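# Notes for the structure review
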2 protein chains.
Amino acid sequence: MRRSKKDRQQLLLETIGENPFVTDEELAERFEVSVQTIRLDRLELSIPELRERIKSVAEKNLSDEIKALPIEEIIGDIIDIELDKNAISIFDVKHEHVFKRNGIARGHHLFAQANSLAVAVINDELALTAKANIQFTRQVKEGERVIAKARVENRSLPGRTIVEVDSWVGGELVFKGQFEMYRSNIDEKEV
Amino acid sequence: MRRSKKDRQQLLLETIGENPFVTDEELAERFEVSVQTIRLDRLELSIPELRERIKSVAEKNLSDEIKALPIEEIIGDIIDIELDKNAISIFDVKHEHVFKRNGIARGHHLFAQANSLAVAVINDELALTAKANIQFTRQVKEGERVIAKARVENRSLPGRTIVEVDSWVGGELVFKGQFEMYRSNIDEKEV
DNA sequence: CGAACTATTATGACTAGGTACTAATAGTAG
DNA sequence: CTACTATTAGTACCTAGTCATAATAGTTCG
């Protein structure tokens, strides 16, 4: 045994988690076991075969697109949403989001996350940002995870909705914005 | 012939475009032709097989680096710049920048262009946005060219610089923002 | 009329990346 | 020694195709 069964299976989960596109054959080579062993492992761990994995990734994508009234191209992953009330999204700051020179996240990514969330939380297909008032209260670095929390204010004008978005890294406030959103379905009943 | 070859192939393109998960067999039933005919059609139209289609949908989704924003160092092309004074950039609104639903540009792209320009115009390697006050004054559609003009205000505070950015499409103002930028190379503490 | 051509269908051999099942072997524990 | 686990091997079968070849039906040209 190169590794214990348990270790290998743990690694297998991680490996497939990172890259669902890997075949049993490739995995067998990587772990220096036979293809059959990999298949037994997958069976025990209830990991579906390659094609099913790919399919589910694709379906997840497609279903996002279908249900995509507001959620078309959100920056960050929405993990919780209650339309017209509040929403939370996560955005992991990666290498491509930061200034090369100092590793600090470019402001527009934080803005994009907040703006996306503000658009998404509004229960309106055509929500658009009209104005925004924002502050970057702390610099965000590569590798940090930004949690944005949006809440819709009640004191909204007709046809306009105010959304407050606060973004946090750990316990620290890194971004604060007030978004004035235009909405189209002012007094209409919508589905 | 139930339909002409041309009609069927046109419909085939649309059908697969709407639902890439459909098999040749299902298509054959739908169009009342043999599976072989469907395959010939796909060959002529260069439509890849089901598995390849699913895979590409999945891959598109998985590369959230692309999804997260293909934002390089600068959004838009800077066509004129005078450090600490003013700068101009051009940003062409393409398909990937707009809401699918209505073809209106997502606010964060206009913000990103303006923010990028505000950072660039500051004669400081480590310029960062501290606050911004922005307005989206007119909707921008796919295909339009946005010209952003940044000018640095003199009335800046120590360690801070105010940059005004106005963005235009043709003669119309589409975006207006006031950016308060940090700068490090004034005798201030490191940021 | 027959030859030429297009469109369609059928057939068979082969492929990747599996599932499901059976069987053999190596190594360890009681 | 026996029981058991872990691993490997092999076979048949599956889906959703590719590729090549051939047969057939219908139409058009001369």
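Because the structure is a prediction, the values reported are computed rather than measured.

## Details of the pattern of salt bridges
Once the charged atoms of two side chains with opposite charge are near each other, the side chains can pair. Applying the stated criterion across every chain yields a total of 22 salt bridges over all chains. Of the charged contacts in the structure, one is a salt bridge between Asp24 of chain B and Arg42 of chain B, with a shortest N-O distance of 2.7 Å. Separated by 18 residues along the polypeptide, Asp24 of chain B in helix α2 (residues 24–31) and Arg42 of chain B in helix α3 (residues 35–45) bring together distant segments of the chain. Under the relative-accessibility criterion, Asp24 of chain B is labelled buried at 8%. What emerges from the salt-bridge pattern is a single network uniting Asp24, Arg39 and Arg42 of chain A.

## What to know about the protein's contact with DNA strand C
By nearness alone, 15 residues border DNA strand C, and Arg51 of chain A together with Arg8, Ser34, Gln36 and Thr37 of chain B come closest of all. Restricting attention to atoms of DNA strand C within 4 Å of the protein, one finds that 70% of them are sugar or phosphate atoms. For DNA strand C, a sugar or linking oxygen lies 3.4 Å from a polar atom in the side chain of Arg39 of chain A. One of the side-chain nitrogen or oxygen atoms of Arg42 of chain A is found 3.0 Å away from a phosphate oxygen of DNA strand C. Contributions of two or more residues to the surface near DNA strand C are made by α3 (35–45) and α4 (50–66) of chain A together with α1 (5–18) and α3 of chain B. Tallying contributions element by element places α3 of chain B first for the surface near DNA strand C, with three residues. Looking at the surface near DNA strand C, its residues break down into three nonpolar, four polar and eight charged.

Conventions and cut-offs
Residues numbered from 1 in each chain as written. Chains lettered and ligands numbered in written order. Predicted model: local features only at pLDDT ≥ 70, side-chain atom pairs only at ≥ 80, totals over all residues. Heavy atoms only, no water. Salt bridge = Lys/Arg side-chain N within 4 Å of Asp/Glu carboxyl O. Helix = DSSP H or I, 4+ residues; strand = E, 2+ residues; numbered from the N terminus. Buried < 20%, exposed > 50% of the residue type's maximum accessible area, 1.4 Å probe, protein only. Near = heavy atom within 4 Å. Polar contact = N/O pair within 3.5 Å; in protein donor to acceptor, adjacent residues only side chain to side chain. Nonpolar A, V, L, I, M, F, W, Y, C, P; charged D, E, K, R; others polar.

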